[in-house]
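Close look at the chain arrangement
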Amino acid sequence: AQSVSQHNHHVILSEAASLELGCNYSYGGTVNLFWYVQYPGQHLQLLLKYFSGDPLVKGIKGFEAEFIKSKFSFNLRKPSVQWSDTAEYFCAVRGRYQKVTFGTGTKLQVIP
Amino acid sequence: DAGVTQSPTHLIKTRGQQVTLRCSPKSGHDTVSWYQQALGQGPQFIFQYYEEEERQRGNFPDRFSGHQFPNYSSELNVNALLLGDSALYLCASSLRDVNTEAFFGQGTRLTVV
């Protein structure tokens, strides 16, 4: 069975602070990894994805994530957050047959 | 190119009633998955449809059923509604090829009273 664990449920940062959101997954085979973002009142949007190749993945809006296979981790990072990054962030893993399992989400609040 | 569209956007039902939610996938996509997102939680996988058949199912009771039509659109049916079924129901479409991401609709907010 596949599972995802997000360590931080609620994060509060000031603008320009650096961000790192933790994500660990559990799955025995080849996985695809994703970070989705849900802005208030909007639908889930893909931030970035990892399928194979370079473990450092760059996404939209300056976000990046690093896949560390030995640690079963896929942490999300951004060097300098903006107020507009206030949203809920979901890490997700997809194993066989395209079943996607989401973490419980991290609510990020950026204070101007 | 329209993305994933869901209808209705909001719905209020009474306990014991039945509900049908609809999803039109992104153009060119052949696989539809449904998720339930309770308040404060991440989306939970309900089931997935491909070639008009349920291919995978999450940990949801038989009250939750679905259908996929030849044009790839899909319906989610929930019978004998419970208060605990109140949630945002998300539809995601994708291509069967494993190396593609899923695109999500805006969801249907179901409230059971």
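Residues numbered from 1 in each chain as written. Chains lettered and ligands numbered in written order. Predicted model: local features only at pLDDT ≥ 70, side-chain atom pairs only at ≥ 80, totals over all residues. Heavy atoms only, no water.

1. Things to note about the overall build of chain A
If you tally the helices and strands in chain A, you get zero helices and twelve strands. Ordered by position from the N terminus, the helices and strands of chain A form the series β-β-β-β-β-β-β-β-β-β-β-β. Relative to the compact-globule value of 13 Å for 112 residues, chain A shows a C-alpha radius of gyration of 13 Å, a close match. By its C-alpha atoms, chain A is 40 × 25 × 20 Å across when sized along the principal axes. Out of the 112 residues belonging to chain A, those deemed buried represent 49%. (Helix = DSSP H or I, 4+ residues; strand = E, 2+ residues; numbered from the N terminus. Rg over C-alpha atoms; globule rule 2.2 N^0.38 Å. Buried < 20%, exposed > 50% of the residue type's maximum accessible area, 1.4 Å probe, protein only.)

2. Remarks on the interface of chain B and chain A
Listed as interface residues are 24 residues of chain B and, on the opposing side, 20 residues of chain A. Here chain B meets chain A over a buried area of about 1,800 Å², counting both sides, of which 49% is carbon and sulfur. It is Gln56, Glu101 and Phe104 of chain B in chain B that bury the most area against chain A; as a group they hold 27% of the surface buried on that side. Counting the contacts that link chain B with chain A gives one salt bridge. Between lysine 49 of chain A and glutamate 101 of chain B there is a salt bridge, with the nearest N and O atoms lying 2.6 Å from each other. Here chain B and chain A share three residue pairs in polar contact (both at pLDDT 80 or more) between them. Of all elements in the fold, only β4 (31–37), β5 (44–50) and β9 (87–94) of chain B reach the threshold of two or more residues within the side of chain B that touches chain A. Taken together, the residues of the side of chain B that touches chain A break down into nine nonpolar, twelve polar and three charged. (Contact = heavy atoms within 4.5 Å. Buried area = accessible area lost by both parts, 1.4 Å probe. Salt bridge = Lys/Arg side-chain N within 4 Å of Asp/Glu carboxyl O. Polar contact = N/O pair within 3.5 Å; in protein donor to acceptor, adjacent residues only side chain to side chain. Nonpolar A, V, L, I, M, F, W, Y, C, P; charged D, E, K, R; others polar.)

3. What about the pattern of salt bridges?
In the structure shown here, the tally under the stated rule is nine salt bridges over all chains. Aspartate 85 of chain A is the partner of lysine 78 of chain A in a salt bridge, and the nearest nitrogen-oxygen pair spans 2.8 Å. For the pair lysine 78 of chain A and aspartate 85 of chain A, one class covers both residues: buried. With a closest N to O distance of 3.0 Å, glutamate 54 of chain B and arginine 57 of chain B form a salt bridge. What you see here is one network of salt bridges that share partners, running through Lys58, Glu64, Glu66 and Arg77 of chain A.

4. Things to note about the nonpolar core
The biggest cluster of nonpolar side chains holds 29 residues, and the ones touching the most others in it are Trp35, Leu48, Leu76 and Tyr89 of chain A. Sort the elements by how many residues they give to this core and strand β10 (residues 87–94) of chain A lands first, with four residues. Ignoring anything within four residues of it in the chain, the contact list for leucine 48 of chain A reads Leu33, Phe34, Trp35, Val57, Lys58, Gly59, Phe63, Glu64, Ala65, Phe74 and Leu76 of chain A. In terms of nonpolar packing, the next biggest core, distinct from the first, is built from 20 residues, Leu21, Ile46, Tyr89 and Cys91 of chain B among them. (Core = buried A, V, L, I, M, F, W, Y, C linked by side-chain atoms within 4.5 Å.)

Without other data, these values stay purely geometric and don't point to any function.
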